Amino acid sequence: MEGKSISNEDISARMMRRGFHASRYSTDPRENVRVLEEEKELIMAQEHDLQMRNWQNKSQSSSSKGFLEAISNIEQLLHSWRWIALVEHLSMNQRRGSGDNDMLHAENDVAVWPAKGLIDAGVMKLLRMSSRDVADESNNWMDTKSTSDTLFCDVFDSPMRRAALNACGWIKKYGNLQDLLDECEGRGEFERSAALAVWHGDLESCVSALQRGAEDVRELQVEGEEYDGPSSANGTVRGFSSKNNCESYAEALSLIAMCVAGFNVTTASDGTIRTTKLWSGACSNLLRRPGIVATMDNVSSQVHLPGVSYLRGILLFLQNIGSEIGFNNTIYNEGLSLADRIGFACRFLPRADLYSFLDVSMRKCIKFGRLEGLIITGLDKRGIGILQSYMDRNSDVQTTALISCRVVLPMEWTFERRMCLEWLESYRQFLNSLQMWNSRAAFDVGRFDHLRRLKQGGNITLASGGRQFAIAKKQHLKDKSQANNNNPPQLWARCNYCNASLPLSKLRRQEGIANSWLSRQKPVLTCCPQCKKPLPRCSICLLSLGCLNPYMELQRERNQYPRTGMSMLGSGGGGNIQGMEDLSGLASIPFATWWSWCMRCKHGGHAHHLCAWFEKHDTCPVSGCDCRCQFDGIEKLNRPGLQGIDQTCKPCP
């Protein structure tokens, strides 16, 4: 792949590229997930090309530090935006009273999804955990403890734990585990699918997932044999850069599948559950196998392997089933995603131990600026602290602004509100400084649209179903119409001679307009309807500015509304302006015929004439005027980091 690798970009170039994305990294969480996934695939492809060139040149092939950091950062962002999209979807369904969350129904129909938004969607709040609540043992009645038939260890359950599992993405529609496993395998995460199956006590699904993963790796090996080089871009990120690594990894998956299939336990004389010595020894041998062993040397010489971490998590959990060591090896394994570790803890840890783990993880996320910690805190004060720590370490004001603008913080949170406002304004100024006007405008529009629906308690994201989409779209158009009526225009064109306002709504309210004269004129006038003096002319073609004939428009509207609003159509009554002053039909008029003028020298003309003029000139087209109307005081920026993107700024109409 030609060009500079995006994994070595600085944060400014990265934010600029994401802001210029075709669909833009902006206020839509699901779209942000798609943008980040495409970026991850591009980085993987570039790294694969680099390894292939190194192989052809007989040089050492290893993953660069920038590649490892870029993949780690994208994974962190993906986990955060997926959590945001999930929580907003669940909150939307809860407000609508949707039945999509039947998987969360408790035995006595306890609350389905208790959180109203991102602020109170943290796992600690869903579990109703504070230091005082945990110390009070009377709260333990909320948890139901049972023994797993396949894992032979205690499993905890409660409506609050199910809500927390849902926030972790562990529960799909109607509680079907297979849907969760299929989603993982659809992204190529066979190791994670196998681990989730084990933690849910479904060893058979774990074996099947590992076998399918081995087949997938062998397919990558076949692709690599076509040119006897590196396996593929997908194989690069999974940690094997040659066909030998593919073969070894596929063999390891098959051996682990056989090991899980032979899982068995015995009961000791003291009543404890233990695995057989022979089976435990086989697990130990697999854990020491090259490619599975966890050493810092592997991490430095290869790509960070989340799949290997899940494989080790499976073996260590089953090897130490029911013991504190087995649980700690899983919940404190940094190679696993925080959401999966929280889900594991919600299933297997008692309430006090669960709180201790969440508290330690939250403090670590705040200290090191890990956005994954938002799943523990939500966007409360501690969540804002995580964003601040992430900002301090990564200087990624783009992500902090996009996340923080999704909530309306309470007025008493003065410090947090000030921080969020600083992030917001810094990102807007960043886009403006790069002349990325469209990106900044799209960000503002999406932000206000989201907050308006949030304050009204309406939909956060449009549903995909036909009827639900139609309802949401109808409500959106209604809100938009009301917003237009509540915010009338504040700037109008006026006649140079009599100072009469030229918009149609203003002409109707003016006295003394001769209707008999207007009735004989064309629908579009070239003179002032009040004083009959000529209107300003285009600076290029010298044709006069057009103005709607108020008499002809009044007759048209009377024919359109023969029974309603007649009293308001009369002599300029200020009644229902929605029906009488709605000029949305004029939107079909070509842009070329629209009128534009300079806010400094007040000279103007037809938009397409001005565009053609300023392609070859810098000053105003009016003779004797030296105003630089196009870019007065603004220098055109050179942005070499955005190769292949049209950077030409056009004059605003």
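The coordinates are above.
Residues numbered from 1 in each chain as written. Predicted model: local features only at pLDDT ≥ 70, side-chain atom pairs only at ≥ 80, totals over all residues. Heavy atoms only, no water.

A. Structural detail: the overall build of the protein chain. Secondary structure assignment for the protein chain yields 29 helices and eight strands. A separation threshold of at least 6 residues defines the contact pool for the protein chain, and within that pool the share at least 24 residues apart is 62%. Within the structure as shown, the protein chain displays about 33,400 Å² of accessible surface, and the carbon and sulfur contribution to it stands at 51%. (Helix = DSSP H or I, 4+ residues; strand = E, 2+ residues; numbered from the N terminus. Contact = heavy atoms within 4.5 Å. Areas by Shrake-Rupley, 256 points an atom, 1.4 Å probe, with all protein chains shown as cover.)

B. The packing of helix α16 (residues 338–348) against helix α17 (residues 351–368), seen in detail. Interaxial distance between α16 and α17 falls to 10 Å at its minimum, and their mutual angle equals 165 degrees. As summarised for this structure, α16 and α17 are arranged roughly antiparallel, according to the angle between their axes. Both α16 and α17 take part in a crossing whose hand is left-handed. In this structure, α16 contributes L338, R341, I342, A345 and C346 to the contact, and α17 contributes L354, F357, L358, S361 and C365. Among the residues making up the contact of α16 with α17, the classes are represented as eight nonpolar, one polar and one charged. (Axes fitted to C-alpha atoms, helices over the stretch in contact; angles between N-to-C directions. Parallel < 35°, antiparallel > 145°, perpendicular 65-115°, else oblique. Left-handed = near helix turned anticlockwise from the far one by under 90°. Nonpolar A, V, L, I, M, F, W, Y, C, P; charged D, E, K, R; others polar.)

C. Focus on helix α21 (residues 414–433). Its 20 residues place the ends of α21 28 Å apart at the C-alpha level, agreeing with the 28 Å of an ideal helix rising 1.5 Å per residue. When we look at burial in α21, the residues that qualify are E416, M419, C420, W423, L424, Y427, R428, F430 and L431. Each buried residue of α21 lies within a common arc of 165 degrees when the element is viewed along its axis, so the set occupies one face. Facing away from the buried side of α21 by more than 90 degrees, the exposed set consists of T414 and Q429. (Expected span 1.5 Å × (residues − 1). Buried < 20%, exposed > 50% of the residue type's maximum accessible area, 1.4 Å probe, protein only. Arc of directions from axis to C-beta.)

D. Seen up close, the pattern of salt bridges. Counted under the stated rule, the structure contains 27 salt bridges. Notably, a salt bridge pairs R17 with E39, separated by 3.3 Å at the nearest N-O pair. Placement of the pair is R17 in helix α1 (residues 11–19) and E39 in helix α2 (residues 29–56), with a sequence separation of 22 residues. Of the charged contacts in the structure, one is a salt bridge between E39 and R18, with a shortest N-O distance of 3.0 Å. Residue E39 is located in helix α2, and its partner R18 is located in helix α1; the two are separated by 21 residues in the primary sequence. (Salt bridge = Lys/Arg side-chain N within 4 Å of Asp/Glu carboxyl O.)

E. Up close: unusual backbone geometry. Of note, R128 is a non-glycine position whose phi angle comes to about 55 degrees, a positive value. Within the secondary structure, R128 is located in the loop between α4 (123–126) and α5 (131–135). With relative accessibility at 53%, the residue R128 sits in the exposed group. Despite not being glycine, F152 shows a phi value in the positive range, around 60 degrees. Considering the arrangement of structural elements, one finds F152 in the loop between β1 (144–147) and β2 (154–157). For F152, a relative accessible area of 36% puts it in the partly exposed group.

F. Quick look at empty space enclosed by the protein. For the structure shown, the criterion picks out three cavities of 30 Å³ or more. Size it by volume and the second largest cavity reaches roughly 40 Å³. Looking at side-chain class alone, the lining of the second largest cavity contains four nonpolar, three polar and one charged residues. (1 Å grid on protein atoms, 1.4 Å probe; cavity = no way out; pocket = protein on both sides within 12 Å on 5 of 7 lines; lining within 4 Å. Points joined across faces, edges and corners; volume = space filled by probe spheres on them.)

G. Quick look at the pairing of β2. Taken together, the four bridges between β1 and β2 define a ladder with antiparallel strand orientation. Looking at β2, one finds that S146 is bridged to V155. The hairpin turn running from β1 into β2, its antiparallel successor, is six residues long, and F152 in that turn takes a positive phi close to 60 degrees. (Pairing = 2+ DSSP bridges.)

H. Inspection of helix α6 (residues 159–167) at higher detail. With eight of its nine residues buried, α6 lies for the most part within the structure. Taken as a whole, α6 has its buried residues at M160, R161, R162, A163, A164, L165, N166 and A167.

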